[in-house]
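Spelled out from the first residue to the last, the chains are:
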Amino acid sequence: MNLTLRIWRQKDPSVKGKMVTYKVSDISPDMSFLEMLDVLNEQLIMDGDDPVAFDHDCREGICGMCGVMINGQAHGPQQTTTCQLHMRSFKDGDTIDVEPWRASPFPVIKDLAVDRRAFDRIIQAGGYISAPTGTAPEAHSMLVAKKDSDAAFDAATCIGCGACVAACPNASSMLFTAAKVTHLGLLPQGQPERNDRVINMVAQQDAEGFGGCTNIGECAASCPKGISMETISRLNHDLLGALRAGARPKS
Amino acid sequence: MTVTDSAQRRTPKAAKTNSVFKKFVMAISGILMLLFLIAHMIGNLHVFQGAASFNSYSEWLRTVGEPALPPRTLLTVIEIVLSVSVLAHMWAAISLWRQAKRARPEGYVTKKSVVQTYASRTMRWGGVIIALFIVYHILDLTFGAVNPAGTDSTPYSRLVASFQNPIATTVYVVALVLLGMHLRHGIWSATQTLGQSNRRRQKSVNAFAIAFATLLIAGYLVVPAAVVFGLVD
Ligand code: HEM
Ligand code: SF4
Ligand code: FES
């Protein structure tokens, strides 16, 4: 395949970036999108140019590092991670636009790489349980209903890639935060901090500068792990519960 | 940091200033306005019973509960609840609008939406137009200040005079269609905001929102249509 790429080039956070056009040829349809970018970078290095910076780690869809905007869609035309997107999703002769996630809490580090540490700080604000660690306890000592464990597991598959923020017209991180709140809030170990968790995580995502949710649904439609809008409803429900708990009369 | 505990009397500040709390404000005020819209639509249908019935319905609204209650009790209560709702709704909407603007100052060169509905895209500017329309509507049919029939006319004659004017009728139709779209997304969004949606309900909530918004707006639109087609004059 021969392709025309228009890629966002930005030297560092302080300068303005722009789209730059490159041509790549002899791309195999079996290559992943990142392998195609590797081909481009080898070509750039040979020519003495600066290779395109992009994040990646596992290249198997589990680490959440690799997200970029491809033709205006987070992770491209398939609902998967950029590393799991294959070039057979494109046609010979296509022009492909590649941009970084755009949100003020995700500043561009260089080219396509953005700083997603805002997500870590949202987790630090409440995305944990304070259970004593040690050897794994006997599984039967704490029973979890099948439907709860299934829903918690579905929410737990979030890899923190940031596609939800990137796709959201409000640049809201609700789907990410809601996935964490749902995952921990459905399990018995998550109960002691349940009220604090939702309040602190939502306060942190606002403080980081993410937008608010207007339930448009671009996030869920772009999430490589299929996290659903149901988690956002659960987060809202938990916050209402926390408001009531906070308003409880003194005992 | 522990912000809620059982011994705490007040709701923590962090819980009342965040974006989700603003959505609760928007959902509750939106639902209050929506309840009013249902009653208002049904009340308007009195126009089909003729001028006398319509005007006496309007009179009844001002005198209901007398003499046990002072005149205009019902209307005053509705006016206060609606004014507070409109202000709260707009405050929340504008503050979240600004937050969203700050969250993405630089847009994408290429952006493709996957599932976004037209209704959800027009919530903000559509809302602004609806607010302007509400002001016009009150000046037109409540006070008659901008009505072709003038201020000392009956409610019925003001209504007929407005809808015999093609410009006024167009304004009403456009605003009502926008309101219908606002409610189509609003009902779905409020269900999510109040934590009442889930994966199974998602389809039916959206279907209900479409059906409800369509019926409500159709109920409003039959009145100008009846005037335009000469069924009511
Ligand atoms: C005064 C002008 C208005 C403005 C500026 C406005 C704006 C907005 C905005 C920005 C939203 C959030 C949309 C979203 O979540 O995607 C919203 C939601 C909503 N609006 Fe309005 N609106 C206005 C008037 C009304 C009226 C007259 C009603 C009458 C029923 C209404 C009912 C609703 C409902 C039910 C919601 C859903 C609440 C939620 O998002 O949880 N709005 N409005
Ligand atoms: S919710 Fe989905 S899109 Fe958002 S960070 Fe998690 S895996 Fe990525
Ligand atoms: S590189 Fe790890 S998810 Fe793509």
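Before reading further, recall that the structure is shown in the block above.
Keep in mind it's a predicted model, so treat the numbers as computed, not measured. (Residues numbered from 1 in each chain as written. Chains lettered and ligands numbered in written order. Predicted model: local features only at pLDDT ≥ 70, side-chain atom pairs only at ≥ 80, totals over all residues. Heavy atoms only, no water.)

1. A closer look at the overall build of chain B
Inference 1: When helices and strands are tallied, chain B shows nine helices and zero strands.
Inference 2: Going residue by residue from the N terminus, the α and β elements of chain B occur as α-α-α-α-α-α-α-α-α.
Inference 3: A total of 233 residues make up chain B; the buried ones form 42% of that total.
Inference 4: Across chain B, every contact between residues at least 6 apart in sequence was considered, and the portion connecting residues at least 24 apart equals 69%.
Inference 5: Surface exposure of chain B reaches about 12,800 Å², of which carbon and sulfur atoms provide 69%.
Inference 6: Here chain B contributes 22 positively and 8 negatively charged side chains, and the mean placements of these two sets differ by 23 Å. (Helix = DSSP H or I, 4+ residues; strand = E, 2+ residues; numbered from the N terminus. Buried < 20%, exposed > 50% of the residue type's maximum accessible area, 1.4 Å probe, protein only. Contact = heavy atoms within 4.5 Å. Areas by Shrake-Rupley, 256 points an atom, 1.4 Å probe, with all protein chains shown as cover. Lys, Arg positive; Asp, Glu negative; His and termini not counted. Charge placed at Lys NZ, Arg CZ, Asp CG, Glu CD.)

2. Side note on the interface of chain B and chain A
Inference 1: Residue-level contacts link 53 residues of chain B with 61 residues of chain A.
Inference 2: Here chain B meets chain A over a buried area of about 4,600 Å², counting both sides, of which 50% is carbon and sulfur.
Inference 3: Remark: the boundary between chain B and chain A carries two salt bridges.
Inference 4: With its nearest N and O atoms 3.9 Å apart, the salt bridge here joins E106 of chain B to R102 of chain A.
Inference 5: Taken together, the links from chain B to chain A amount to 31 residue pairs in polar contact (both at pLDDT 80 or more).
Inference 6: Going through the elements one at a time, α1 (13-16), α2 (19-44), α4 (73-103) and α8 (166-193) of chain B are the ones with two or more residues in the side of chain B that touches chain A. (Buried area = accessible area lost by both parts, 1.4 Å probe. Salt bridge = Lys/Arg side-chain N within 4 Å of Asp/Glu carboxyl O. Polar contact = N/O pair within 3.5 Å; in protein donor to acceptor, adjacent residues only side chain to side chain.)

3. Some words on the packing of helix α3 (residues 51-63) of chain B against helix α7 (residues 155-163) of chain B
Residues and elements named next belong to chain B.
Inference 1: Two elements in contact, α3 and α7, have axes whose closest approach is 8 Å; the angle formed by their N-to-C orientations is 115°. Residues A51, F54, N55 and S58 of α3 form the contact with α7, whose own contacting residues are P155, Y156 and L159.
Inference 2: Of the residues belonging to the contact of α3 with α7, the class tally is five nonpolar, two polar and no charged. (Axes fitted to C-alpha atoms, helices over the stretch in contact; angles between N-to-C directions. Nonpolar A, V, L, I, M, F, W, Y, C, P; charged D, E, K, R; others polar.)

4. As for the coordination of the iron atom of ligand 1
Residue and element names in this part refer to chain B.
Inference 1: Around the iron atom of ligand 1, the protein supplies H89 (NE2) and H182 (NE2) as donor atoms, at distances of 2.0 Å.
Inference 2: Around the iron atom of ligand 1, the six donor atoms sit at angles spanning 84 to 180°, and that spread fits a shape best called octahedral. Here the residue H89 occupies a position in helix α4, and H182 occupies one in helix α8, the gap between them amounting to 93 residues. Each member of the pair, H89 as well as H182, carries the same accessibility label: buried. (Donors = N, O, S within 2.8 Å, 3.2 Å for Na, K, Ca; no water. Tetrahedral: all angles 85-135°; square planar, octahedral: opposite > 155°, others 65-115°.)

5. Looking at the site of ligand 1
Inference 1: Neighbouring ligand 1 are 23 residues; K23, H89, H182, S189 and T193 of chain B lie closest to it.
Inference 2: One chain alone does not account for the residues near ligand 1; they come from chains A and B.
Inference 3: Within the side chain of H185 of chain B, an N or O atom sits 3.0 Å from an oxygen atom of ligand 1.
Inference 4: Residue assignment for the shell around ligand 1 shows that the elements contributing at least two residues are α2, α4, α6 (123-142) and α8 of chain B.
Inference 5: Partitioned by chemical class, the residues of the shell around ligand 1 number twelve nonpolar, nine polar and two charged. (Near = heavy atom within 4 Å.)

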